[in-house]
Amino acid sequence: MPITYATSHIDGGLDCSSLSIGILKSMPDSPILKAMVIAGKQAHPIWALDRLALVIYCYVQSAKYHYPRGPLPIQVNVRSSLISNASTSCIVADSIIWHTSETIRMDAERLIAKLTSSTRLTTNWPEKTEMTLPINSETRRGVCSD
C-alpha cells in the first residue's frame, strides 16, 4: 500500500511535558521530536524534523525555565502534513506559529541560535537516541485471529 499525504492545521496548546527527542534513524544528521498538541478535549501527537524539531525543543525549554512549577501548554497553530498508509497515520509539522510571551520567545530564539550555530543540526542536539516515525512503507496492519 503506498504512503499518502494530506495537509492539516491544528490550533491548540503544545503540552510541554510530552516532549520526546532523538535522532531520525534513517538520517543521522536529522533531529526528530514528538509532542502532543491539545485541541479541545483531544491530544494529537505531532512529529517534527530537522530545524523545526530544534525550534519546538527550544520553546519548550524556555517555557520550562520560566515556569518551573509546570508551564501551561504553549498556544500554537500547527500546519502539518498528515502522512498515512493503510494502517496508520502521523502528523508531521511543517510550521508553527507561537502564541506566547515575549520573554519565552526571546529566550527560545537565543537557544535556537546556540543550537544551530554548527553546520550539523545534531552537533548540539541534547539527545542522540535513534527514533523513527510511526509510519513507513513497511508498516502493516495487524491481523487478529480467533
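For the structure, check the block above.
Sequence order as written defines the numbering, with residues in each chain counted from 1. pLDDT decides what is reported in this predicted model: residues at 70 or higher carry local features, side-chain atom pairs at 80 or more are listed and counted, and totals for whole chains, interfaces and linings draw on all residues regardless. Side-chain metrics rest on all non-hydrogen atoms present in the structure, leaving aside hydrogens and water.

Enquirer: What exactly am I supposed to notice about the side chain of S30 here?
Expert: A run of H or I in DSSP counts as a helix once it spans at least four residues, and a run of E counts as a strand once it spans at least two, with each numbered from the N terminus. For S30, the position within the fold is in the loop between β1 (4-24) and β2 (31-39). Only protein chains enter the accessibility calculation, which uses a 1.4 Å probe. A residue is then buried if its area is under 20% of the maximum for its type, exposed if over 50%, and partly exposed in between. A relative accessible area of 2% means that S30 is categorised as buried. Definition of a polar contact: a pair of N or O atoms within 3.5 Å, with one able to donate and the other able to accept a hydrogen when the atoms are protein atoms, and with sequence-neighbouring residues admitted only if both atoms are side-chain atoms. A polar contact is formed between the side chain of S30 and the side chain of D50, at a distance of 2.4 Å. Residue contacts are counted whenever heavy atoms from the two residues lie within 4.5 Å of one another. If we skip the residues at most four places from it in the chain, S30 touches G22, I23, L24, L49, D50 and T122.

Enquirer: I keep staring at helix α2 (residues 102-115) and nothing clicks. Help me out?
Expert: For an α-helix the count is 3.6 residues per turn, leaving residues at separations of three or four pointing the same way. A helix is expected to span 1.5 Å multiplied by its residue count minus one. Here α2 is 14 residues long and its end C-alpha atoms lie 20 Å apart, about the 20 Å a rise of 1.5 Å per residue gives. The inward-facing, buried residues of α2 abut α1 (50-66).

Enquirer: What's the story with the nonpolar core in this structure? I'm lost.
Expert: Burial of nonpolar side chains together is a common tendency in soluble globular proteins. For the purposes of this section, nonpolar cores are sets of buried Ala, Val, Leu, Ile, Met, Phe, Trp, Tyr and Cys residues that join through side-chain atoms within 4.5 Å. Of all hydrophobic cores here, the largest spans 33 residues; its most connected members are L14, L33, I56 and W98. Of all the elements in the fold, those that place two or more residues in this core are β1, β2, β3 (42-49), α1, β4 (74-84), β5 (89-99) and α2. The residues touching L14, leaving out its near neighbours within four places in the chain, are A35, M36, V37, I46, I56, V60, P73, I74, V76 and W98. Counting residues in hydrophobic clusters, the runner-up holds 9 residues, among them I32, I83, M131 and I135.

Enquirer: Help me understand the side chain of D107, please; the structure alone is not making it clear to me.
Expert: Tracing the backbone through its elements, the reader meets D107 in helix α2. D107 gets classed as buried once you look at its relative accessible area, which sits at 15%. When neighbours within four sequence positions are excluded, D107 is seen to be in contact with S62, Y65 and H66.

Enquirer: Would you mind showing me how to read the packing of aromatic side chains here?
Expert: For any two aromatic rings, the description comes down to two numbers: the centre-to-centre distance and the angle of the planes. Note on aromatic pairs: the rings of Phe, Tyr and Trp (six-membered ring only in Trp) are paired at centre separations within 6.5 Å, and the planes decide the class, stacked below 30 degrees, edge-to-face beyond 60, tilted for the rest. Taken as a whole and assessed by the stated rule, the structure comprises 2 aromatic pairs. Their ring planes at 5° and their centres at 4.1 Å tell us that Y59 and W98 sit as a pair that is stacked. Here W98 lies in strand β5 and Y59 lies in helix α1, a separation of 39 residues in the sequence. Its relative accessible area of 8% is what places W98 among the buried residues.

Enquirer: Would you mind showing me how to read α1 here?
Expert: In this model, α1 (17 residues) spans 25 Å end to end at C-alpha, consistent with the 24 Å of a helix rising 1.5 Å per residue. Every buried residue belonging to α1 is among L52, A53, L54, V55, I56, Y57, C58, Y59, V60, S62 and A63, and all of these are buried.

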